[in-house]
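What the coordinates show
Below, each chain spelled out in residue letters.
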Amino acid sequence: MAARNFQTALSEADSGRACALLAPQTRQEVASDAGDCAKGPAQEQPPIAAGDAADAVAEVHGRQAMVRLSGDALFLSQFDAGWKVVAAGCTPRPDTPFDRKVKGS
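What you see is a predicted model; the values in this text were computed from it and never measured.

1. A word on the overall build of the chain
When helices and strands are tallied, the chain shows four helices and six strands. Along the chain, helices and strands appear, N-terminal first, in the series α-α-α-α-β-β-β-β-β-β. Put simply, the chain has 105 residues, and 37% of those count as buried. A separation of at least 24 residues holds for 34% of the contacts in the chain among residues at least 6 apart in sequence.

2. Regarding the nonpolar core
Core analysis: the largest hydrophobic core is formed by 18 residues, its most contacted members being Phe6, Leu22, Leu74, Leu76 and Val85. Those elements that provide at least two residues to this core are α1 (2-11), α2 (15-20), β2 (64-69), β3 (72-79) and β4 (82-93). Among the elements that line this core, the one with the most residues is α1, at five residues.

3. Regarding the pattern of salt bridges
Taken as a whole and judged by the stated rule, the model has three salt bridges. Two residues, Arg17 and Glu12, come together in a salt bridge whose shortest N-O distance is 2.4 Å. Arg17 gets classed as partly exposed once you look at its relative accessible area, which sits at 31%. Salt-bridge contacts for Arg68 lead to Glu59; the nearest nitrogen and oxygen are separated by 3.8 Å. On the accessibility criterion, Glu59 (33% relative accessible area) is partly exposed. A single salt-bridge network, built from bridges that share partners, covers Glu12, Asp14 and Arg17.

Conventions we followed
Residues numbered from 1 in each chain as written. Predicted model: local features only at pLDDT ≥ 70, side-chain atom pairs only at ≥ 80, totals over all residues. Heavy atoms only, no water. Helix = DSSP H or I, 4+ residues; strand = E, 2+ residues; numbered from the N terminus. Buried < 20%, exposed > 50% of the residue type's maximum accessible area, 1.4 Å probe, protein only. Contact = heavy atoms within 4.5 Å. Core = buried A, V, L, I, M, F, W, Y, C linked by side-chain atoms within 4.5 Å. Salt bridge = Lys/Arg side-chain N within 4 Å of Asp/Glu carboxyl O.

See the structure below:
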C-alpha cells in the first residue's frame, strides 16, 4: 500500500504527499539535499518514474520489503506508523547494489 501510494503521489506530481511517505531518515536526507523535502522527488534528474503499481511484485523479509515495478524498484521498512519508503528510483546494476535516486544514509 505504501509503495502504491508513493507511486500515485509521484504520478500526480504531489511531492508533498510523496515526501510524507518517506522514512524519517530518508525524508531528512532529501530535505538536506533539496532544501525542502517536498521539492526533492521532483528535482531528481532524470525524475523518478511513477512505475505502474498494478504490475508491482513485492518481496517481504520481516520488516524490510522490496517492491519491483516496471523499470523501477522501491525499498521499504516497517515503522510503528506503518510502511515507509527508504529508497526510491532504484535500478539494478550488474554485480552491485541498486543505484538509488532517493535514499536515506
